[in-house]
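Understanding the architecture of this molecule
Chain by chain, the residues:
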Amino acid sequence: MALVTDTPQQQDAGRKTRGTAARNRARNGGPRIGSHIFLLMLVIYFITPLWWLTVASTKDTAGLFGGSGGPLWFDDGFHFFSNLQGLFERQDGIYWRWLGNSFLYAISGGVGATVLAVLAGYGFAKYNFRGRAAFFGILLGAVMVPLTALVIPTFVLLSSVDLVNTIWAVILPSLLSPFGVYLMRVFAQEAVPDELLDAARIDGAGEIRTFFQIALPLLRPAIVTVLLLSVVGTWNNFFLPLAVLSDPLLLPVTVGLNGWQALSNAGSGGEALWNLITTGAFISIIPLIIAFLSLQKYWQGGLSLGSLK
C-alpha cells in the first residue's frame, strides 16, 4: 500500500496556517487579559467601601480612629455585638424605629411607583391616543430633572395641603418615577408583540384580561428592575425626608444617622457615636443586598418570552 504524503507546498501552507493561528491567539489574548485586569480593578473599587463598612462595624470608636488592624482590617477586639446593643439602647432604640420607617417608605413608594410605571409604560407602548408623543416628550424631560431640584417645590405643595411632617410627605412624591415609566414603555414595546395582543382580542379577551394574562408575565424582568430601582431610590432618599420631616419618630434611617453624625461632629460639645453610626449603616444595607440577591433571577428569566414562534 502506498502512503500519501503532503507535498512541500502543502507542508509550507500548513506551517503558515498554524503560525497565523498562534499569532491570532497571542494577539487576542492581550486585550482579553487587559479587560480582565480592568474589570478586576472596578470590582476592587466598588467592593472596598462595602468591605470597610463591614470591618468598621466590628470596631469601637477608638478602633475606628487608631486601631491596630488599620482601616481595612479587623482589630484585636470584636465589638459588633456590643455596637448592636448600643443601637438597641440609644434613645430607647429609636434606630429600629428609623429602620422600620425606611421599610415603610421604600415598600410603599417602591410598589406604588412600580404599579404606576407599569400601567403608564404599557399605555404609552400599546395604545394610540391624542397627544401621546407630546406627553412622552414631557416625560423624557422629567427624567432629566434632578430629584433634588424638586424638593423645595414639593415641600411648598405639601405644606399647602397640610401633609408636611407626615408619612405621606415621603410616600406620595416617591410614587412618581419618570425613568420607570420610560423603561417600561421601551421594554413593553419590544417584549409584548402586537400580534399576540391582537390574537387575544380576537379570541374574545378584554383589555384587562389581555393585560393581566398576556402582557404582564412578559413584563416581569422590567417590573422587577423598576421595583428594585424604586425601592433602592426611596430607601436611600435623604434630601426629601430631611426637608419635609421634623418629628424624630418619622425619620428614615438615612436622616436619623445623619443626625447622629452631626452630634458626633460637634466635638467636645457632642457625643462620639461613630461606632453606632457605622454599625447602623451596615445594618441598613443588609435588606438591599438580600433584595438584589433574591430578585436577580427574575432579571434573567423571561427575557426571551416576547419572541414569536
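Residues numbered from 1 in each chain as written. Predicted model: local features only at pLDDT ≥ 70, side-chain atom pairs only at ≥ 80, totals over all residues. Heavy atoms only, no water.

With that settled, consider the pattern of salt bridges. Summed over the entire model, instances satisfying the criterion amount to three salt bridges. Here Glu 207 makes a salt bridge to Arg 201, at a shortest N to O gap of 2.7 Å. The exposure class of Glu 207 is partly exposed, given its relative accessible area of 35%. Given the relative accessible area of 29%, Arg 201 is considered partly exposed. Beyond isolated ion pairs, a larger network of salt bridges with shared partners links Asp 198, Arg 201 and Glu 207. (Salt bridge = Lys/Arg side-chain N within 4 Å of Asp/Glu carboxyl O. Buried < 20%, exposed > 50% of the residue type's maximum accessible area, 1.4 Å probe, protein only.)

At a closest axis distance of 13 Å, the pairing of helix α4 (residues 94-126) and helix α10 (residues 207-218) adopts a crossing angle of 90 degrees. Considered as vectors, α4 and α10 are oriented roughly perpendicular to each other. In contact with Val 118, Leu 119 and Tyr 122 of α4, α10 contributes Phe 211, Ala 215 and Leu 216. Along the lines of polarity and charge, the residues of the contact of α4 with α10 split into six nonpolar, no polar and no charged. (Axes fitted to C-alpha atoms, helices over the stretch in contact; angles between N-to-C directions. Helix = DSSP H or I, 4+ residues; strand = E, 2+ residues; numbered from the N terminus. Parallel < 35°, antiparallel > 145°, perpendicular 65-115°, else oblique. Contact = heavy atoms within 4.5 Å. Nonpolar A, V, L, I, M, F, W, Y, C, P; charged D, E, K, R; others polar.)

Looking now at the UniProt feature "transmembrane region" (unreviewed entry) in the protein chain. UniProt annotation of "transmembrane region" (unreviewed entry) refers to residues 33-53, 103-122, 134-161, 167-187, 208-232, 238-260 and 272-295 when read in the numbering used here. For residues 167-187, the helix share is 81%, the strand share is 0%, and the end-to-end C-alpha distance is 32 Å. End-to-end, the C-alpha atoms of residues 272-295 are 38 Å apart, and along that stretch the chain is 92% helix and 0% strand. (UniProt positions renumbered as here; feature names shortened; annotations may be inferred.)

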